[in-house]
Amino acid sequence: MTKELTPRRPPHSRRCPHTPPRPARPRGCPRARVRGRAGPAGHVPPEPPSAPPATGVPTAPARALRRPSSSSPSPSAPFANMALVPCQVLRVAILLSYCSILCNYKAIEMPSHQTYGGSWKFLTFIDLVIQAVFFGICVLTDLSSLLTRGSGSQEQERQLKKLISLRDWMLAVLAFPVGIFVVAVFWIIYAYDREMIYPKLLDNFIPGWLNHGMHTTVLPFILIEMRTSHHAYPSRSSGLAAICTFSVGYILWVCWVHHVTGMWVYPFLEHIGPGARILFFGSTTILMNFLYLLGEVLNSYIWDTQRSMEEEKEKPKLE
């Protein structure tokens, strides 16, 4: 017969006289292994996790254990994705503003619009059309990117790459150099003598806000686009050849309008001689080429600086 064993009370512990006696443990019930404070009768608390055996290999520091993996998204990833939405909305707003400027400009009944060449003989109007077409391509590229995201269609990806290449080419060759040229040359001549480029008579036809929409807002709009999106420039030889072709083509067009009508498109050309005109036309072509190179350098500077800033932010996470 198995003799029932009762737990022996330590000598230092005394039972309070008002405490009821502990109920007897049923026969055959295993004794609960109690660590610390006792729980209910029959409850076996879980074993605490055992310490890893000492193998002599030093464990990794806590900072290394908290190192984020390269595959896991960073905390700023959602904000980076959200930053694309304002850029898309901004392009739509710029496109609508150019459409409004073009509609208001075409609605003005000026004598120069009724002569040979109409509005197309002015570089300002040509530049507005270039900017509107460029931002229209930007909006179309954004929509195509949203529609093809996650589709996995190679044909759609190919069409999207063509749109992106066309967008980048237009910014490099037409939108940036022509837009900056119009703003710079107009306001330099306007500050010297406005009658040579924008006579006071035009104030009766063109309101001030429309004048700034054609000759001022082009600069911040194109800089915003260059800052918010990276654009791949074409090869320098092909880009310079394209901008030279545009410059020479417009100069020939201005000369042809003078040949047909007997009047120069811009009043200041009436006050200079043939040699000065040739020098001016050559200078404008050189300036166009310089602005193309300036856009290429500015685009590289903006995005190289952005890339270096992102690398500096990632260094503390990897250390």
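This text follows the structure it describes.
Scope of this entry: the structure provided in the associated data block. (Residues numbered from 1 in each chain as written. Predicted model: local features only at pLDDT ≥ 70, side-chain atom pairs only at ≥ 80, totals over all residues. Heavy atoms only, no water.)

With respect to the overall build of the protein chain
For step 1, the next point in the chain: Scanning the protein chain from terminus to terminus reveals 9 helices and 0 strands.
For step 2, the next point in the chain: For the protein chain, the sequential pattern of α-helices and β-strands runs α-α-α-α-α-α-α-α-α.
For step 3, the next point in the chain: Among the 319 residues that make up the protein chain, the fraction classed as buried is 31%.
For step 4, the next point in the chain: In the protein chain, the share of contacts with a sequence separation of at least 24, taken over all contacts with a separation of at least 6, comes to 76%.
For step 5, the next point in the chain: Of the roughly 21,500 Å² that the protein chain leaves accessible, carbon and sulfur atoms contribute 65%. (Helix = DSSP H or I, 4+ residues; strand = E, 2+ residues; numbered from the N terminus. Buried < 20%, exposed > 50% of the residue type's maximum accessible area, 1.4 Å probe, protein only. Contact = heavy atoms within 4.5 Å. Areas by Shrake-Rupley, 256 points an atom, 1.4 Å probe, with all protein chains shown as cover.)

Considering the pattern of salt bridges
For step 1, the next point in the chain: In the structure shown here, the tally under the stated rule is 6 salt bridges.
For step 2, the next point in the chain: Across the salt bridge formed by Glu225 and Arg91, the nearest N and O atoms sit 2.9 Å from each other. Residue Glu225 is located in helix α7 (residues 218–228), and its partner Arg91 is located in helix α3 (residues 84–107); the two are separated by 134 residues in the primary sequence.
For step 3, the next point in the chain: By relative accessible area, which is 2% here, Glu225 ends up buried.
For step 4, the next point in the chain: We note a salt bridge from Glu155 to Arg158, for which the minimum N-O separation is 2.4 Å. Placement of both Glu155 and Arg158 in helix α5 (residues 154–192) is noted, with a separation of 3 residues, approximately one turn of the helix.
For step 5, the next point in the chain: Given a relative accessible area of 39%, Arg158 falls into the partly exposed group.
For step 6, the next point in the chain: Residues joined by salt bridges that share partners form a network here, namely Arg91, Asp142 and Glu225. (Salt bridge = Lys/Arg side-chain N within 4 Å of Asp/Glu carboxyl O.)

Considerations on the packing of aromatic side chains
For step 1, the next point in the chain: Using the criterion set out here, one finds 17 aromatic pairs in the structure.
For step 2, the next point in the chain: Residues Phe122 and Tyr266 carry aromatic rings whose centres are separated by 6.5 Å and whose planes lie at 70° to one another, so their mutual orientation is edge-to-face. Here Tyr266 lies in the loop between α8 (236–261) and α9 (274–318) and Phe122 lies in the loop between α3 and α4 (123–148), a separation of 144 residues in the sequence.
For step 3, the next point in the chain: The buried category is assigned to Tyr266, whose relative accessible area is 16%.
For step 4, the next point in the chain: Here Phe186 and Tyr198 contribute two aromatic rings whose centre-to-centre distance is 5.8 Å and whose plane-to-plane angle is 80°, an arrangement assigned as edge-to-face. Taken together, the residues Phe186 in helix α5 and Tyr198 in the loop between α5 and α6 (208–215) connect sequence positions 12 residues apart. A single burial state applies to Phe186 and to Tyr198, both of which are buried.
For step 5, the next point in the chain: One aromatic cluster in this structure is built from Phe122, Trp264, Tyr266, Phe268, Phe280 and Phe281. (Phe/Tyr/Trp six-rings, centres within 6.5 Å; stacked < 30°, edge-to-face > 60°.)

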